[in-house]
Amino acid sequence: MEAKVLDFNGKDTGRKVQLSDSVFGIEPNNHAVYLDVKQYLANQRQGTHKAKERAEVAGSTRKIKKQKGTGTARAGSAKNPLFKGGGTVFGPRPRSYSFKLNKSLKRLARKSAFSIKAKESNIIVLEDFNFETPNTKNFINVLKALELENKKSLFVLGDTNKNVYLSSRNLKGSSVVSSLELSTYAMLNANNLVLLESSLEIIEENLSK
């Protein structure tokens, strides 16, 4: 499929690029997308939750009442989980939520995400640009030129560009990543993908393996 190349003023440069059908034109695999997004969100969890169990609660271990004759259930220490202030039964413990996915499945998920965005016509190809210094106002002007100021957008750079990244860092609805930092979650979380020309070759090379 072909896509026209825009400049950072939002104007057509008259040039077109060919987007690989093996990356941008496949039948999306929804289950692969689900697994990759699930893994990404699981990796964001710290897993530091902890509840004190019976052996960890502070308190006396003496028997609080006699075994028989009270008319109620027998009870040992005040740390019994049935009592207020007692330990928690099967409470959460610190653990990692991460799990493994095959590289081929993750590639399929990213290709599926690209294909979804392409079918929705939510991919913009932009010629490479740079700022002399980090400047949020300049980046906002680029968003306005592309009519993205009120939409979530993800800019994909061919290589790390510190000035462009720092210019976008304060903006809530827009983010900038390099082509090697792409995730399925970030692509689907954005309304529009803005791919800089230099990123296309790297993306297609990495996902066509």
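What counts and what doesn't
- Residues numbered from 1 in each chain as written.
- Predicted model: local features only at pLDDT ≥ 70, side-chain atom pairs only at ≥ 80, totals over all residues.
- Heavy atoms only, no water.
- Helix = DSSP H or I, 4+ residues; strand = E, 2+ residues; numbered from the N terminus.
- Rg over C-alpha atoms; globule rule 2.2 N^0.38 Å.
- Buried < 20%, exposed > 50% of the residue type's maximum accessible area, 1.4 Å probe, protein only.
- Contact = heavy atoms within 4.5 Å.
- Phe/Tyr/Trp six-rings, centres within 6.5 Å; stacked < 30°, edge-to-face > 60°.
- Lys NZ or Arg CZ within 6 Å of the ring centre and 35° of its normal.
- Expected span 1.5 Å × (residues − 1).
- Core = buried A, V, L, I, M, F, W, Y, C linked by side-chain atoms within 4.5 Å.

(A) Local environment of the overall build of the chain. Within the chain, the secondary structure is distributed over 7 helices and 6 strands. N-terminal to C-terminal, the α/β element order of the chain is β-β-α-α-α-β-α-β-α-β-α-β-α. For the chain, the C-alpha radius of gyration of 27 Å lies well beyond 17 Å, the compact-globule estimate for 209 residues. Along the first, second and third principal axes, the C-alpha set of the chain runs to 95 × 40 × 25 Å. When each of the 209 residues of the chain is scored for burial, the buried share is 39%. Expressed as a percentage of contacts within the chain between residues at least 6 apart in sequence, the contacts between residues at least 24 apart total 69%.

(B) The packing of aromatic side chains, seen in detail. Counted according to the given criterion, the structure contains 5 aromatic pairs. Seen in terms of ring centroids, F24 and F114 are 5.0 Å apart; in terms of plane orientation they differ by 55°. Their pairing is tilted. With F24 in helix α1 (residues 21–24) and F114 in helix α3 (residues 103–119), this pair connects stretches of sequence that are 90 residues apart. With a relative accessible area of 1%, F114 lands in the buried category. Taking 5.5 Å as the distance between ring centres and 55° as the angle between the ring planes, the aromatic pair formed by F129 and F131 counts as tilted. Residues F129 and F131 agree in their burial class; the two are buried. Put simply, the rings of F8, F129 and F131 touch in pairs and so form one group of aromatic residues. One Lys or Arg, K38, reaches over the ring of F99 and ends 5.9 Å from the middle of that ring. Above the plane of the ring of Y97 lies R45, whose end atom (NZ or CZ) is 3.6 Å from the centre.

(C) Seen up close, α3. Here α3 spans 24 Å end to end across 17 residues, near enough to the 24 Å set by a 1.5 Å rise per residue. Turning to α3, its buried residues number three or more, namely A109, R110, K111, S112, A113, F114, S115, K117 and A118. The inward-facing, buried residues of α3 abut α1, α2 (30–44), β3 (123–126), α6 (184–189), β6 (192–196) and α7 (197–207). Trailing α3 by a residue or two, S121 shows a phi angle of about 60°, which is positive.

(D) How the structure looks around the environment of F24. Relative accessible area serves as the criterion here: at 2%, F24 is assigned to the buried category. For the pair F24 and R110, spaced 86 residues apart in sequence, the C-alpha separation works out to 9.7 Å. Sequence-distant contacts of F24, defined by excluding residues within four places in its chain, comprise M1, L19, F114, S115, A118, I123, L195, L200 and E204.

(E) Spatial organisation of the nonpolar core. Membership of the largest hydrophobic core comes to 22 residues, with the highest contact counts inside it found for F24, F114, L154, L182, L195 and I203. The residues touching F114, leaving out its near neighbours within four places in the chain, are V23, F24, I123, L182, M187, L193, L195, I203 and L207. Formed by 17 residues, the second largest nonpolar core is a distinct cluster that contains L143, L146, F155 and L196.

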